[in-house]
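The lines below spell out each chain.
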Amino acid sequence: MIRCKRCILPETYPGIKFDEKGVCQYCNEYKAIEYTGFEPFLEKMQAFLNKKKNRNKEYDCLLGFSGGRDSTYMLYLLTEKLGLKVLCYSADHGYIPEQTRFNMENAVERVNSKLVIEKHDYLKKCLKHVVSTWIHKPSIRMIETFCTGCKLGVESGTINCAKKYKIPVVIRAETPFEYPHYRFNLMRLYPKEGWFPMILGYFSSVAENPRWFMKPTYVDIQIKDFLFFYDFKKNFRRNGLLLLEPFLENVKWEEKKV
């Protein structure tokens, strides 16, 4: 079996192509992030806050918080290292274990912050249909649909919470390792960047298994999920919010340090 000389992805990976050196297009397209440190982050945040006169002075920012390592470490950096006042927000899709909830509350309490948890049922409305449809005819591309509704619940909930508490700066703790590029690559009908190959890949899978569109609730949430995620940063700007992602710009995720 042929594998990429750098990342060892196999030739069976959907859409993969190798150059004359045996390196895949994903490695060739990869660009290393040049981290700027927290100073530009603080300057950008403070400049934005200064423009917002009618804001909640009790908090500097709202952090999307899941209780996992990424967001917990970010909470530590924001509060303990930068001295910021943080409100944590978490969206409960109905499948959060009690232990996770306990860990979240414990972490927030340790840094003297506040945690807001709000429920949504987008994922629950779709999951049973997605699983049964996928089992009927498994598709690598449609693995992406297993979290249908989750993104919509998280991001729309985050925006609504920030507006409710009048906190104009939102922080996401997403890392380069967590970004969903691999799911996009699986969905694409052919290996080219952009939304069009993804849309073609999605509808070609639906054509192969029409059961995907036999539940109107799923179709409705899937469309809303896509439209929201298509340019989710624009959704924050449209609501007068500044979205910052420090692990993608300012500070490198270091496994040993974390």
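Residues numbered from 1 in each chain as written. Predicted model: local features only at pLDDT ≥ 70, side-chain atom pairs only at ≥ 80, totals over all residues. Heavy atoms only, no water.

*Asks:* Just checking my understanding: could you explain a nonpolar patch on the surface for this structure?
*Replies:* Judged by side-chain polarity, Leu189, Tyr190, Phe196 and Leu200 come together as a nonpolar surface patch covering roughly 350 Å² of accessible area. As for its placement among the helices and strands, Tyr190 is situated in the loop between helix H7 (181-187) and helix H8 (195-208). On the basis of relative accessible area, Tyr190 is assigned to the partly exposed category, the value being 33%. (Patch = residues over 30% accessible without salt bridge, like charges linked within 9 Å, V, L, I, M, F, W, Y side chains within 5 Å. Areas by Shrake-Rupley, 256 points an atom, 1.4 Å probe, with all protein chains shown as cover. Salt bridge = Lys/Arg side-chain N within 4 Å of Asp/Glu carboxyl O. Helix = DSSP H or I, 4+ residues; strand = E, 2+ residues; numbered from the N terminus. Buried < 20%, exposed > 50% of the residue type's maximum accessible area, 1.4 Å probe, protein only.)

*Asks:* How should I be thinking about the environment of Pro168 in this particular structure?
*Replies:* Structurally, the position occupied by Pro168 is in the loop between helix H6 (150-164) and strand E4 (169-171). Overall, Pro168 belongs to the buried group, its relative accessible area being 5%. Between the alpha carbons of Pro168 and Asn54 there is a distance of 9.7 Å; along the sequence they are 114 residues apart. Leaving out residues up to four positions away in the same chain, Pro168 has contacts with Phe48, Leu49, Lys52, Arg55, Gly240, Leu241 and Leu242. (Contact = heavy atoms within 4.5 Å.)

*Asks:* Even after reading the chapter, I still don't get H8, so can you show me in this structure?
*Replies:* Turn by turn, an α-helix covers 3.6 residues, leaving residues three or four places apart pointing in a common direction. The end-to-end C-alpha separation of H8 is 20 Å, in line with the 20 Å expected for 14 residues at 1.5 Å each. Listed as buried for H8 are Pro197, Met198, Gly201, Tyr202, Ser204, Ser205 and Val206. (Expected span 1.5 Å × (residues − 1).)

*Asks:* I would appreciate a short explanation of the pairing of strand E1 (residues 61-64) in the present structure.
*Replies:* Successive residues of a regular strand alternate their side chains across the two faces of the sheet. Across 4 bridges, the pairing between E1 and strand E2 (residues 86-92) is parallel. Across the sheet, the residue bridging to Cys61 is Val86, located in E2. Considered for its hand, the β-α-β crossover made up of E1, helix H3 (residues 69-81) and E2 is right-handed. Here E1 pairs with E4 via 2 bridges, running parallel. Residue pairing across strands places Leu62 opposite Val170, the latter belonging to E4. (Pairing = 2+ DSSP bridges. Right-handed = clockwise from strand over helix to strand, strands pointing away.)

*Asks:* Could you clarify how one ought to interpret unusual backbone geometry in this entry?
*Replies:* Negative phi characterises most residues that are not glycine, and trans characterises most peptide bonds. Despite not being glycine, Asn112 shows a phi value in the positive range, around 60°. Take Asn112: it is sitting in the loop between helix H4 (98-110) and strand E3 (114-119). Judged by relative accessible area, which is 70%, Asn112 ranks as exposed. Of note in the backbone geometry, Lys166 takes a positive phi value of approximately 55° without being a glycine. Looking at the secondary structure, you find Lys166 in the loop between H6 and E4. By relative accessible area, Lys166 is classed as partly exposed at 44%.

*Asks:* Is there a simple way to think about the sheet that holds E1 in this case?
*Replies:* In a beta sheet, neighbouring strands are held together by backbone hydrogen bonds and run either parallel or antiparallel to one another. If you walk across this open sheet you meet the 5 strands as E3-E2-E1-E4-E5, and the pairing is parallel. The open sheet has two edge strands with one neighbour each: E3 and strand E5 (242-244). Each neighbouring strand pair of the sheet contributes to a mean axis angle of 25°, computed without reference to strand direction. Sitting on the sheet, H3 is in contact with E1, E2 and E4, with an inclination near 160° to E1. (Axes fitted to C-alpha atoms, helices over the stretch in contact; angles between N-to-C directions.)

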